[in-house]
Amino acid sequence: MAATDVDVFSNEEKRNLSLGGHVGFDSLPDQLVSKSVTQGFCFNILCVGETGIGKSTLMNTLFNTMFENEEASHYQNGVYLRPRTYDLQESNVHLKLTIVDTVGFGDQINKEDSYKPIVDYIDTQFENYLQEELKIKRSLFNYHDTRIHICLYFIAPTGHSLKSLDLVTMKKLDSKVNIIPIIAKADTISKSELHKFKIKIMSELVSNGVQIYQFPTDDEAVSEINASMNAHLPFAVVGSVEEVKVGNKTVRARQYPWGVVQVENESHCDFVKLREMLIRVNMEDLREQTHARHYELYRRCKLEEMGFKDTDPDSQPFSLQETYEAKRKEFLGDLQRKEEEMRQMFVNKVKETEAELKEKERELHEKFEQLKRMHQDEKRKVEEKRKELEDEMNAFNRRKVACETLSSQPLKKDKDKKN
Amino acid sequence: MGQQKNLDGYVGFASLPNQVYRKSVKRGFEFTLMVVGESGLGKSTLINSLFLTDLYSAEYPGPSHRIKKTVQVEQSKVLIKEGGVQLLLTIVDTPGFGDAVDNSNCWQPIIDHIDSKFEDYLNSESRVNRRQMPDSRIHCCLYFIAPSGHGLKPLDIEFMKRLHEKVNVIPLIAKADTLTPEECQQFKKQIMREIQEHKIKIYEFPETDDEEENRLVKKIKDKLPLAVVGSNTIIEVNGKRVRGRQYPWGVAEVENSDHCDFTILRDMLIRTHMQDLKDVTNNVHYENYRSRKLAAVTYNGVDNNKAKGQLSTNMDTVEGMSPLAQMEEERREHVTKMKKMEMEMEQVFEMKVKEKVQKLKDSEAELQRRHEQMKKNLEAQHKELEEKRRVFEDERSNWELQQRLEQQKMEASRTLEKNKKKGKIF
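Residues numbered from 1 in each chain as written. Chains lettered and ligands numbered in written order. Predicted model: local features only at pLDDT ≥ 70, side-chain atom pairs only at ≥ 80, totals over all residues. Heavy atoms only, no water.

Caption draft 1: The overall build of chain A, seen in detail. Of the regular secondary structure elements, chain A holds nine helices and 10 strands. In terms of C-alpha radius of gyration, chain A reaches 49 Å, well past the compact-globule figure of 22 Å for 419 residues. Considered along the principal axes of its C-alpha atoms, chain A spans approximately 195 × 80 × 40 Å. Roughly 23,000 Å² of accessible area belongs to chain A as shown, and the carbon and sulfur atoms make up 50% of that amount. Side-chain charges in chain A split into 63 positive and 72 negative, and the spacing between the mean points of these groups amounts to 12 Å. (Helix = DSSP H or I, 4+ residues; strand = E, 2+ residues; numbered from the N terminus. Rg over C-alpha atoms; globule rule 2.2 N^0.38 Å. Areas by Shrake-Rupley, 256 points an atom, 1.4 Å probe, with all protein chains shown as cover. Lys, Arg positive; Asp, Glu negative; His and termini not counted. Charge placed at Lys NZ, Arg CZ, Asp CG, Glu CD.)

Caption draft 2: Broad picture of helix α4 (residues 154–163) of chain B. Among all positions of α4(B), only B:Leu155, B:Asp156, B:Ile157, B:Phe159, B:Met160 and B:Leu163 are buried. Summarising the contacts, the buried residues of α4(B) are in contact with β2 (29–36), α3 (108–126), β5 (140–145), β6 (169–173) and α5 (181–197) of chain B. (Buried < 20%, exposed > 50% of the residue type's maximum accessible area, 1.4 Å probe, protein only. Contact = heavy atoms within 4.5 Å.)

Caption draft 3: The sheet that holds strand β7 (residues 226–227) of chain B, seen in detail. With mixed pairing, the seven strands of this open sheet are ordered in space as β1(A)-β3(B)-β4(B)-β2(B)-β5(B)-β6(B)-β7(B). Of all strands in the sheet, those with a lone pairing partner are β1 (14–16) of chain A together with β7 of chain B, marking the two edges. The pairing of β2(B) with strand β4 (residues 85–93) of chain B spans seven bridges and is parallel. Bridge pairing in β4(B) links B:Met34 to B:Val92. The strands touched by α3(B) are β2, β3 (74–82) and β4 of chain B; relative to β2(B), the strand with the most contacts, the crossing angle is about 165°. (Pairing = 2+ DSSP bridges. Axes fitted to C-alpha atoms, helices over the stretch in contact; angles between N-to-C directions.)

Caption draft 4: Here's a closer look at the packing of aromatic side chains. Enumeration according to the criterion identifies 20 aromatic pairs over all chains in this entry. With 6.4 Å between their ring centres and 90° between their planes, A:Phe105 and A:Tyr153 make a pair best called edge-to-face. Here A:Tyr153 lies in strand β5 (residues 150–155) and A:Phe105 lies in the loop between β4 (93–103) and α3 (115–134), a separation of 48 residues in the sequence. When sorted by exposure, A:Phe105 lands in the same class as A:Tyr153, which is buried. Relative to B:Phe205, the ring of B:Tyr203 has its centre 5.4 Å away and its plane inclined at 70°; by these criteria the two rings are edge-to-face. Here a set of aromatic residues connected by ring pairs shows up, and it is made of A:Phe126, A:Tyr129, A:Tyr143, A:Tyr295 and A:Tyr298. A cation over a ring is seen here: B:Arg137 above B:Tyr121, with NZ or CZ 3.6 Å from the ring centre. (Phe/Tyr/Trp six-rings, centres within 6.5 Å; stacked < 30°, edge-to-face > 60°. Lys NZ or Arg CZ within 6 Å of the ring centre and 35° of its normal.)

Caption draft 5: Representation of the environment of B:Ile114. Along the chain, the position of B:Ile114 falls in helix α3. Apart from the residues within four sequence positions on either side, B:Ile114 is in contact with B:Met34, B:Ile138, B:Leu163, B:Lys166 and B:Val167.

Caption draft 6: The nonpolar core, seen in detail. Grouped together as the largest cluster of nonpolar side chains are 90 residues, with contacts concentrated most on A:Phe63, A:Leu152, A:Ile180, A:Phe235, A:Leu274, A:Leu278 and B:Phe13. In terms of residue count, the dominant contributor to this core is α3(A) (nine residues). Of all hydrophobic cores here, the second largest spans 85 residues; its members include B:Ile80, B:Val85, B:Ile110 and B:Leu179. (Core = buried A, V, L, I, M, F, W, Y, C linked by side-chain atoms within 4.5 Å.)

Caption draft 7: A look at the UniProt feature "domain: Septin-type G" (unreviewed entry) in chain A. Per the UniProt annotation, the sites labelled "domain: Septin-type G" (unreviewed entry) are residues 39–305 of chain A. Span residues 39–305 of chain A is 38% helix and 22% strand, its end C-alpha atoms 34 Å apart. (UniProt positions renumbered as here; feature names shortened; annotations may be inferred.)

Caption draft 8: Molecular detail of the domain arrangement of chain A. Partitioning chain A into domains gives domain 1 (37–304) and domain 2 (332–400). Relative to domain 2 of chain A, the C-alpha centre of domain 1 of chain A lies at a distance of 88 Å. (Domains from an automatic or database assignment.)

Caption draft 9: Looking closely at the pattern of salt bridges. Within the structure shown, the criterion is met by 62 salt bridges over all chains. The shortest N-O distance in the salt bridge between B:Glu119 and B:Lys293 comes to 2.7 Å. Here the residue B:Glu119 occupies a position in helix α3, and B:Lys293 occupies one in helix α8 (residues 274–300), the gap between them amounting to 174 residues. Relative accessible area serves as the criterion here: at 17%, B:Glu119 is assigned to the buried category. If you follow the salt bridges from partner to partner, you end up with A:Glu388, A:Glu392, B:Arg389, B:Glu393 and B:Arg396 in one network. (Salt bridge = Lys/Arg side-chain N within 4 Å of Asp/Glu carboxyl O.)

Caption draft 10: Layout of the packing of α3(B) against α4(B). Residues and elements named next belong to chain B. Closest axis-to-axis distance for the α3/α4 pair is 11 Å, and the angle between their directions is 20°. Here α3 lies roughly parallel to α4, going by the angle between them. The hand of the α3/α4 crossing is right-handed. Here Ile110, Ile111 and Ile114 of α3 lie close against α4, whose contacting residues are Phe159, Arg162 and Leu163. Of the residues in the contact of α3 with α4, the class split is five nonpolar, no polar and one charged. (Parallel < 35°, antiparallel > 145°, perpendicular 65-115°, else oblique. Left-handed = near helix turned anticlockwise from the far one by under 90°. Nonpolar A, V, L, I, M, F, W, Y, C, P; charged D, E, K, R; others polar.)

Caption draft 11: Structural view of the confidence of the model for chain B. Residue and element names in this part refer to chain B. Considering every residue of chain B, the mean pLDDT works out to 83; 89% of them sit at 70 or more. Predicted confidence for residues 301–319 stays below pLDDT 50, and this span has 28 contacts to residues more than four positions away or in other chains. Across the interface, the model reports ipTM at 0.72; the global pTM reads 0.72. (pLDDT = per-residue confidence, 0-100.)

Caption draft 12: Looking closely at a negative patch on the surface. A cluster of acidic residues, B:Asp209, B:Asp210, B:Glu211 and B:Glu213, forms a negative patch on the protein surface. Among the structural elements, B:Glu211 can be located in helix α6 (residues 211–222). (Patch = residues over 30% accessible without salt bridge, like charges linked within 9 Å, V, L, I, M, F, W, Y side chains within 5 Å.)

Caption draft 13: Here's a closer look at unusual backbone geometry. Cis geometry marks the peptide bond from A:Leu233 to A:Pro234; its omega dihedral reads -10°. Assignment of secondary structure puts A:Pro234 in the loop between α6 (220–230) and β7 (235–236). The omega torsion across B:Leu224 and B:Pro225 is -10°, close enough to zero to call that bond cis. In this fold, B:Pro225 is placed in the loop between α6 and β7. One non-glycine residue, A:Lys185, adopts positive backbone phi at about 45°. Along the chain, A:Lys185 falls in the loop between β6 (179–183) and α5 (191–207).

The following block contains the structure:
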């Protein structure tokens, strides 16, 4: 590495210079934009709400198209997430839209675990992105980003307050995803009830510490409109894909005997506000927040869990290489230790068995020594007996001989006497 | 992957580009440009001309004015604004390059500098707590070729060969006002031939879907390498104030496309391809550096990255995997290896045990057999003895019986004799 000089150029201070003419780098944003238009955009919406609350209808209304959706039944065993991806185009802008539906939410008798599949799904998308980011050979620039950019939480229009399921679920989700709460089927609440309802909801959210998405007010171009919209949360929406003739216009609306609820009429509902905020003003900010805040939080937690740190015990910063090397050393040491352990175990086993076998061998020899001794004894006995017999035989022979000499003598005597 | 859907009305996401535009202006832009070339080739002048500002001035002299003994790498940062767009421009210059008598390895400090910027970015990208990731990577390297009119010098070729896979290299013919148009044409052709011959990959302009743009790109490609002239002075020509170089025989205008390719360079570098230069640096050069670095670390556990600029062939096994996934894989492999080892050891052990047990059994059998043999022997002896005794006892008792009989006989005859003697007297 070259040493930096100790003269005016060594300091990193930026000088502000004025230009003597048109250089042309004011086209940089355009260059950036044209690149992103060529690449295409992608946006992922998660709709959380009870079955039948109007999620699919709202999506159809927002995007002016009929997304295929079978009506979900109320008899699902649990909550499961159903993602569907669509390619949309408007003028020269391509949008890859993924809508994730929570099927079966709120239908079970025991809803304690209802939030889990949702949290798992969100985490899985983060995990997939993280894995791609950690790969050695990676291609992030054409990675299909499936991370959820916005969660629309559908609140049932009871007019009273949030359900405990709502609070629990939103609390679990608020650190993982941008949440915009909306009041569904708002045409069943009157204006005054709605006003009270909104205040109640917002205060419950605040008192429970639920962080919902705030429309950003740091960019002067949009700060005013965003600030005013923030005050209208949660949006009370009505969705409809049916068209009704009102006056001399055909508008999307819901026809009741007592009147027509027009979706795009701002005095009827907040649909227009939602569309404005979600799509026309803050879509890019939602994507940015997901990447810069929620994903970073997930990543940080995940890496810390795996034992990665930014500084070692002496507070010296770790370089990535050092971290990996350290991990790897640990890992290899671990493997080596396991091998050693196994080898040792075998050595012990062998020793044990050898000792056992030696013992057996010794026993065997002892046994045979014993038998040998017995045998020696017997042999000795036999020898004794043999000796005995021999002695007796010898004695007998001597007797025999003695007798024979004796018997021949008396005859001689008689003979002598006769003479 | 997704279904195509047609919209029945205006939705509004066509405003996304505007949203992106807005955010990018708010963020501001960064660009780092490196200039390399022997001193006196007009690098500082060109920079000043490109950015229409006195980056290099009497107070902040350009690299050629600073006499160096060895190659240095220095950077200066300036903040410039235009049309609401803010650009933090970093110019990296390399005073001393090619100026020594022996220029071997004079590219090394430059390579080291580029790598250290990649390293910084890699480290900040890999931190657990990531915040602002300032991008100080070199996005473009303008390489100045001396206008000899003949061809590339060995130093030029060496340098470009070593750097073309680390940074976007744009070769320029400096001080082009010393070449006539025909000489320039020849020179360019020669240079391009040599570049191809040595397989040097200079920065390539990307193809687009736009016909019009492609035509422009083709025009530029035909003029490579761009021959440029720079100037710090403004001269009046036909009532217009232009940047140029005043000679006794006329004025060489910097921004006149008949005189040199300066405008092409400026338009390409700043007005149309600045973003692409950054993208190629990020997606290609940086990724190459990163994957090489990580592969070296994870494959061997040590920094095998000694051979800079060379791709290790060990990449095949670790392609497509994060280093952690690779460790997982290795762990799994190790587990199977251990199982196999365990099984083998078990087998060997069993076999040995069987052998020994068999031996023991054999010797037990052998001893048993011998014992049986001996027992049999002994029994046979016993029996034999018994038999002998019996025979003997029979013999003895017979003899004894006989003796007794004879004795009796004798007794009887003696008594008779006695009696006979006695009887005779009568």
